[in-house]
Amino acid sequence: MEVVQIQRTLMDYTKSLFMEGLLDSQFLQLQQLQDESNPDFVVEVVSLFFDDSEKLLNELTIALDQPSVDFKKVDSYVHQLKGSSSSIGAQRVKNACVAFRNFCQVQNIEGCLTCLQQVKQEYYLVKNKLETLFRLEQQIVTSGGSIPMIEMGF
């Protein structure tokens, strides 16, 4: 595929992530911090998010599977996940965490279990979409092109 076509595909794909509510403006701000001196900044930050999120989701699964659930601990994990998802602009993960925290506060185990599934679904969706985005960017760079900057005016 020609570089210009890949760039167009990347632009359309990125816009769709915003239109679907998967990402918010925080992701654009993260991209603006990337420059020639640190060309992999976004990939590195998002990779850390993926690693941390996987650990937190595992901890949440274990914590909610206990005979006596420690809702303060669960809420702490969800709070961490909400913060990290917010910092990279993973809007739907963040929103699912807000609902999850509400169930933690009223100590509703069924609500927490339902929210855990929702958070996992949103997390794996955004992870898959961002990995695709990064592959498109890599194709552009490998083909000798530059990655176009996305603006919020769409």
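Quick summary incoming for the structure in this document. Every chain is numbered independently, its residues counted from 1 as its sequence is written. pLDDT decides what is reported in this predicted model: residues at 70 or higher carry local features, side-chain atom pairs at 80 or more are listed and counted, and totals for whole chains, interfaces and linings draw on all residues regardless. With hydrogens and water stripped out, all remaining heavy atoms of the structure feed into the side-chain values.

1. Some points on the packing of helix α3 (residues 41–64) against helix α4 (residues 71–88)
And then number 1: Only the stretch in contact is used when a helix axis is fitted, and all axes are lines through C-alpha atoms; the angle between N-to-C directions ranges over 0 to 180 degrees. Helix and strand assignments come from DSSP, with helices taken as H or I runs of at least 4 residues and strands as E runs of at least 2, each series counted from the N terminus. The interhelical angle for the contact between α3 and α4, taken along N-to-C directions, is 160°, at an axis separation of 10 Å. The orientation of α3 relative to α4 falls into the category roughly antiparallel. Remark: the crossing between α3 and α4 carries left-handed chirality. Contact residues: Val45, Val46, Phe49, Ser53, Leu56, Leu57, Glu59, Leu60, Ala63 and Leu64 in α3; Val74, Tyr77, Val78, Gln80, Leu81, Ser84, Ser85 and Ile88 in α4. Our angle categories are set so that under 35 degrees counts as roughly parallel, over 145 as roughly antiparallel, 65 to 115 as roughly perpendicular, and the remainder as oblique. For any pair of crossing helices, the crossing counts as left-handed if the nearer helix is rotated counterclockwise from the farther one by less than a right angle, and right-handed if it is rotated clockwise. Whether two residues touch is decided by their heavy atoms; if any such pair falls within 4.5 Å, the residues are in contact.

2. Let's talk about helix α5 (residues 91–105)
And then number 1: The length a helix should cover is 1.5 Å for every residue beyond the first. With 15 residues, α5 extends 21 Å from end C-alpha to end C-alpha; this agrees with the ideal 21 Å at 1.5 Å per step.
And then number 2: Partly exposed residues are those whose accessible area sits between 20% and 50% of the maximum for their type, while under 20% is buried and over 50% is exposed, using a 1.4 Å probe and protein chains only. When α5 is considered as a whole, its buried residues turn out to be Val93, Ala96, Cys97, Phe100, Arg101 and Cys104. Projected onto a plane normal to the axis of α5, the buried residues spread over an arc of 145° and lie on a single side.
And then number 3: Against α3, α4 and α6 (109–142) lie the buried residues of α5.
And then number 4: Of the residues trailing α5, Gln107 is marked for its positive phi of about 55°. Picture the helix axis, draw a direction to every C-beta atom, and the arc is the one those directions span.

3. Brief notes about the nonpolar core
And then number 1: By size, the foremost hydrophobic cluster in this structure holds 44 residues, and its most contacted members are Phe27, Val46, Leu60, Val74, Phe100, Leu130 and Leu133.
And then number 2: Where this core is concerned, the elements lending two or more residues are α1 (3–19), α2 (25–32), α3, α4, α5 and α6.
And then number 3: Among the elements that line this core, the one with the most residues is α6, at 11 residues.
And then number 4: Excluding anything up to four places from it in sequence, Val46 contacts Phe27, Leu30, Ile88, Leu130 and Phe134. The nonpolar core is taken to be a set of buried Ala, Val, Leu, Ile, Met, Phe, Trp, Tyr and Cys residues, with the residues joined through side-chain atoms within 4.5 Å.

4. Let's talk about the pattern of salt bridges
And then number 1: Only one rule defines a salt bridge in this text: a Lys or Arg side-chain nitrogen within 4 Å of an Asp or Glu carboxyl oxygen. Across all of its chains, the model carries three salt bridges by this definition.
And then number 2: The salt bridge involving Lys127 is made with Glu54; its shortest N-O contact spans 3.3 Å. Pair noted here: Lys127 is in helix α6 and Glu54 is in helix α3, with a separation of 73 residues, a long-range link.
And then number 3: Glu54 gets classed as partly exposed once you look at its relative accessible area, which sits at 23%.
And then number 4: Between Asp75 and Arg101 there is a salt bridge; the shortest N-O distance is 2.8 Å. Here Arg101 lies in helix α5 and Asp75 lies in helix α4, a separation of 26 residues in the sequence.

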